[in-house]
Amino acid sequence: MNKLKTFIALFVLCLAITASAEDGSRLWLRHEMPKDITLKIDPTMPDDDGYRISGRTVTARTEMGLLYGRYALLRGEQGESHPYYKLRILNHWDNIDGSIERGYAGKSIFWNNRLEIDHNLIEKYAEANASVGINGTVLNNVNASPKMLTRAYINKVKEVADILRPWGIKVYISVNFGSPKALGELKTADPLNPQVRRWWQKKAKEIYAAIPDFGGFLVKANSEGQPGPFDYGRTHADGANMLADALKPFGGIVMWRSFVYGAKHKGEDRVMQAVSEFADLDGQFRDNVILQSKNGPLDFQPREPYAPIFDQMKQTKQMAELQITQEYLGQGDHLAFLAPMWKEFFSFVEPSRLVGIAGVANIGLDTNWCGHHFAQANWYAFGRLAWNPTLSSKQIAEEWIDQTFTDDRLKMKDERYEKSNHISHSSSFISQMTSIMLRSREACVDYMMPLGLHHIFKFDHHMGPEPDGFKAEYPLEWCPIYYHKADSAGIGFDRSSRGTGATRQYREPYSTLYDSPTTCPERYLLWFHHLPWDYRTLSGRTLWEEMQYRYNRGVNEVEDFIRIWQEARPYIDEQRWQEVDNKLQKQLHDAQEWRDTCLGYFGSFAI
Ligand code: GCV
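Sequence order as written defines residue numbering, which begins from 1 separately in each chain. Side-chain atom pairs in this predicted model are given and counted only at pLDDT of 80 or more, local residue features only at pLDDT of at least 70, and totals for whole chains, interfaces and linings cover all residues. Excluding hydrogens and water, the side-chain values take into account all heavy atoms of the structure.

Asks: Break down the overall build of the chain for me, citing the residues and quoting the values.
Replies: Helix numbering and strand numbering both begin at the N terminus, where a helix is a DSSP run of H or I of at least 4 residues and a strand a DSSP run of E of at least 2. Scanning the chain from terminus to terminus reveals 19 helices and twelve strands. Seen through its principal axes, the chain has C-alpha atoms that stretch 75 × 70 × 45 Å. Three labels apply to residues, based on accessible area from a 1.4 Å probe with only protein chains included: buried if under 20% of the type maximum, exposed if over 50%, partly exposed otherwise in between. Among the 607 residues that make up the chain, the fraction classed as buried is 61%.

Asks: Let's hear about empty space enclosed by the protein: which residues, and what values?
Replies: Any empty space left between atoms is shown by rolling a water-sized probe over those atoms. Of the grid points, spaced at 1 Å and generated over the protein atoms alone, those admitting a 1.4 Å probe that cannot get out make up cavities, while open sets with protein on both sides within 12 Å along at least five of seven lines make up pockets; any residue with an atom within 4 Å of a point is treated as lining. Grid points are joined across faces, edges and corners, and a volume is the space filled by probe spheres set on the points. Taken as a whole and assessed by the stated rule, the structure comprises seven cavities of 30 Å³ or more. Among the secondary structure elements, those contributing two or more residues to the lining of the largest cavity are α8 (273-278) and β10 (289-294).

Asks: Explain the site of the ligand residue by residue, including any values.
Replies: Close contacts around the ligand come from 14 residues, with Glu101, Lys220, Arg257, Lys294 and Glu327 the closest. Two N or O atoms form a polar contact when they lie within 3.5 Å of each other; inside protein one atom must be a possible hydrogen donor and the other a possible acceptor, and for residues adjacent in sequence the pair counts only when both atoms belong to side chains. Within the side chain of Asp299, a nitrogen or oxygen atom sits 3.3 Å from an oxygen atom of the ligand. Computed with a 1.4 Å probe, the accessible areas rest on the Shrake-Rupley method; for each residue, only the protein chains presented here act as cover. When the ligand is considered free in solution it has 340 Å² of accessible area, and contact with the protein chains removes 96% of it. The nearness test applies per residue and asks whether one of its heavy atoms lies within 4 Å of the molecule or strand.

Asks: With reference to specific residues and values, describe the sheet that holds strand β6 (residues 136-138).
Replies: Pairing between two strands requires that DSSP report at least two bridges joining them. Taken together, eight strands build a closed barrel; the order of strands is β5-β6-β7-β8-β9-β10-β11-β12 and the barrel is parallel. Between one strand and the next, the sheet's axes are offset by a mean angle of 25 degrees, whatever the strand orientation. Judged from the three bridges that link them, strand β5 (residues 87-91) and β6 form a sheet pairing that is parallel. Within β6, the position partnered with Leu90 by the bridge is Thr137. Residue contacts follow a heavy-atom distance rule, with two residues in contact if any of their heavy atoms lie within 4.5 Å. Interaxial angle, 0 to 180 degrees, is taken between N-to-C directions of lines fitted to C-alpha atoms, where a helix line uses only the stretch in contact. On the sheet, helix α4 (residues 151-164) packs against β6 and β7 (170-175) and is oriented at approximately 150 degrees with respect to β7.

Asks: I'd like a rundown of the nonpolar core, residues and numbers included.
Replies: Remark: nonpolar core denotes a set of buried residues (Ala, Val, Leu, Ile, Met, Phe, Trp, Tyr, Cys) joined through side-chain atoms within 4.5 Å. With 192 residues, the main nonpolar core has Trp200, Phe217, Leu243, Trp256, Trp379, Met547 and Phe602 as its most contacted residues. Sequence-distant contacts of Met547, defined by excluding residues within four places in its chain, comprise Leu451, Leu453, Ile491, Leu526, Trp533, Leu599 and Phe602.

Asks: Kindly report on the side chain of Arg595, identifying the contributing residues and their values.
Replies: Locating Arg595 in the fold gives a position in helix α19 (residues 574-606). Residue Arg595 is classed as buried on the basis of its relative accessible area, which comes to 17%. Residues in contact with Arg595, not counting those within four places in the same chain, are Tyr447, Tyr551, Asn552, Val555 and Gly600.

Asks: Just give me the short version of the pattern of salt bridges, but keep the residues and values in it.
Replies: For this analysis, a salt bridge means a side-chain nitrogen from Lys or Arg found within 4 Å of a carboxyl oxygen belonging to Asp or Glu. The final tally for this structure, using the stated rule, is 47 salt bridges. Across the pair Glu206 and Lys203 runs a salt bridge whose closest N-O atoms are separated by 3.1 Å. Of this pair, Glu206 and Lys203 both sit in helix α6 (residues 194-210), separated by three residues, roughly a single helical turn. In this structure, Asp287 engages Lys248 in a salt bridge whose closest nitrogen and oxygen atoms are separated by 3.0 Å. Of this pair, Asp287 sits in the loop between α8 and β10 while Lys248 is found in the loop between α7 (236-247) and β9 (253-257), placing the two residues 39 residues apart along the sequence. Note on Lys248: relative accessible area 44%, which makes it partly exposed. Bridged by salt links that share partners, the residues Arg303, Glu344, Arg441, Glu442 and Arg523 form one connected network.

Asks: An account of the layout of surface pockets is requested, with residue identities and associated values reported.
Replies: Taken as a whole, the largest pocket spans an internal volume of roughly 810 Å³. Considering the residues around the largest pocket, the lining is formed by 33 residues, among which Asp49, Lys86, Asn135, Gly168 and Lys170 are closest to the centre. When residues of the lining of the largest pocket are traced back to their parent elements, those giving at least two are α1 (2-17), α2 (63-74), β5 and β7. Just so you know the grouping, Ala, Val, Leu, Ile, Met, Phe, Trp, Tyr, Cys and Pro go in nonpolar, Asp, Glu, Lys and Arg go in charged, and all remaining residues, Gly too, go in polar. Taken together, the residues that form the lining of the largest pocket break down as 13 nonpolar, eight polar and twelve charged.

Asks: Which residues make up the sheet that holds strand β1 (residues 38-41), and what values go with them?
Replies: Pairing is mixed across the open sheet formed by four strands, whose spatial order is β1-β3-β2-β4. The open sheet terminates on both sides in strands that have one partner only, identified here as β1 and β4 (79-81). The sheet shows a mean angle of 20 degrees between the axes of neighbouring strands, taken without regard to direction. As paired elements, β1 and strand β3 (residues 57-60) share four bridges and run parallel to each other. Paired with Lys40 across the strands is Thr59, a residue of β3.

Asks: Summarise the confidence of the model for the chain; cite the residues concerned and give the values.
Replies: For every residue, the pLDDT score states the predictor's confidence, bounded by 0 at the bottom and 100 at the top. Residue-level pLDDT values for the chain average 93, and 92% of them are 70 or greater. pLDDT under 50 marks residues 10-22. Its contacts with residues more than four places away, or in other chains, come to 25 contacts. Confidence drops under pLDDT 50 across residues 416-427; counting only partners more than four residues distant or on other chains, this segment forms 18 contacts.

Asks: Got a sec to walk through the environment of His92? Specific residues and values, please.
Replies: Assignment of secondary structure puts His92 in the loop between β5 and α3 (119-131). By relative accessible area, His92 is classed as buried at 1%. Residues His92 and Ser174 lie 82 residues apart in sequence; the distance between their C-alpha atoms is 9.2 Å. With residues up to four places along the chain from it excluded, the contact list for His92 reads Phe110, Tyr125, Thr137, Val138, Leu139, Asn140, Asn141, Ala361 and Ile363.

Asks: An account of the pairing of β3 is needed here, citing residue identities and associated values.
Replies: Across four bridges, strand β2 (residues 51-54) lies against β3 in antiparallel orientation. Bridge pairing in β3 places Ser54 opposite Thr57.

Asks: So, the packing of α4 against α6: which residues are in play, and what are the values?
Replies: As a packed pair, α4 and α6 sit with axes 9 Å apart at the nearest point and diverge in direction by 40 degrees. Judged by the twist between their axes, the crossing of α4 over α6 is right-handed. Contacts from Arg151, Ile154 and Lys158 of α4 reach α6 at Lys203, Glu206, Ile207 and Ala210. Looking at side-chain class alone, the contact of α4 with α6 contains three nonpolar, no polar and four charged residues. Note: crossing handedness is left-handed where the near helix turns anticlockwise from the far helix by less than a right angle, and right-handed where it turns clockwise.

Asks: Could you give me a rundown of the pairing of β5, with the residues and numbers involved?
Replies: In terms of burial, β5 is largely enclosed, as five of its five residues are buried. Taken together, the five bridges between β5 and strand β12 (residues 356-360) define a ladder with parallel strand orientation. By the bridge assignment for β12, Asn91 is matched with Val360. Think of it like this: strands point away, you trace from the first strand over the helix to the second, and a clockwise trace means the crossover is right-handed. As for the winding sense of the linkage, the β-α-β connection from β5 through α3 to β6 is right-handed.

Asks: With reference to specific residues and values, describe the state of the cysteines.
Replies: Defined simply, a disulfide is a covalent bond joining two cysteines at their sulfur atoms. Two cysteine sulfurs form a disulfide in these notes if their separation is within 2.5 Å. This structure, assessed with the given rule, holds zero disulfides. Free of any disulfide, Cys370 has its nearest cysteine sulfur in Cys444, 16 Å distant. Residue Cys370 is classed as buried on the basis of its relative accessible area of 4%. We note that Cys444 lacks a disulfide partner, and the nearest cysteine sulfur, in Cys598, lies 13 Å from it. The buried category is assigned to Cys444, whose relative accessible area is 0%.

This is the structure:
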């Protein structure tokens, strides 16, 4: 059976990679399929879906390993490779009406009001995921509709699961903790109530009857208005364990999110609230519960220090949640390659502390899947790092560019390109594109949040700057002024032991390092400290001068990206060149807006 499934997957792979090179919907999957590949099963290999490639021979213990190895061969790999994490999962924030929370590439590929699934499209999606080793997907938003647990939706989840299965991808769903009550079936959703427990057990049975390899639930509880165990005076552990018990007989897991603020610890520094809510519960979760936390303690800012909850939960299984969709990084308009950001996270949180990785997807119905051609690179990078977090950003960028922009025709051009001295004697097209990608996230940081300033974003949609943002009707933690605290004395959020004490949530040496402005890395300076405008930075410039320098540097970088892109024009098909160029022009306009708005506003205090 497995053999048949993989055969089907490989057959579809052959069809897919012969698709037209100019097809706007294509992803990085475009190599010519080598004709003479040999596939071998070796039961003595380690017990996972890894592979070994020697010349044109792919060897693996499992059929999935052969499929993964095949794609690896296509991208030029040789040698042996094994997945670092068992759980490599996309989280779709797709609503059942087809809209996508923080989605910038059109509507959902899974959901629409007609409850129709486009099998071809889902098949392509599956192939793209399998090609980079992604093996799980949560099909709906963490702000979950209770309807997801009704028969009609379970049937649709089954339909998707059947398409994804041959590609080694399990389906999961986000559940609304209040479902038994919200669906009108019970009067309560109290996790310790026996009827509620039975309701979830029955629901799990119903789901597994339809989807025997169903993965489990993702839960956002008592966060941003979602129901949860606090509503009944219970803890996160009570809530998560109740669901875990229901899934356990079938092998399912619960991914319980730690993204909480404004509930039990309302009023405390927002970045501290997750640790305050969860630290005491360490050791109380079932073994099929995984605590899923965002990489930073706030909310997917272009740069955050790592979230200290990863230090604090020593006996609880943990997953990192990365955001592939660029909610705070220019959305569908800015070129921002995120591998360097995720690598930065892994430099603080040992990959071995985690049992899996989740990525909030950036995929939608747009012809190019992700809104911006270069945003596909973040989907690709997520998969590659979930498979192997030790890969370098450079390697991932080069692989993606090579597979996405260069076919034989373009490679021929590329040789000409090198000779033509358009960019420089020694640089090839790939290295110039890699350079843009590797510099792009840092450029965003410079023009959006230099020196650790954060959450200066416009309300609600989080695109563009609003440094004077304050609205009495919103929670204070949504207001930019809460974060930068600019006044005539200085700027920044004092989270040192003299301020909110957030630095104390970190392990050593970071706790001590972050606590003093003289040892705190400058990239986090205003995240942890409130400093006077004439504070001397490492460059010798005052804080105010350094801010100006960095905002300008960010804008200059985008200008340089445009220059390089202009020179690359002859070597990229016109449609994609033009589409990316339009986006870069918009990015430049936005970067200038960030610089001018922020310097204008902060200057009114500094000067
Ligand atoms: C899914 C931020 C986003 C919300 C998102 C939330 C979360 O607040 O702006 O859109 O909701 O994070 O991760 O739950």
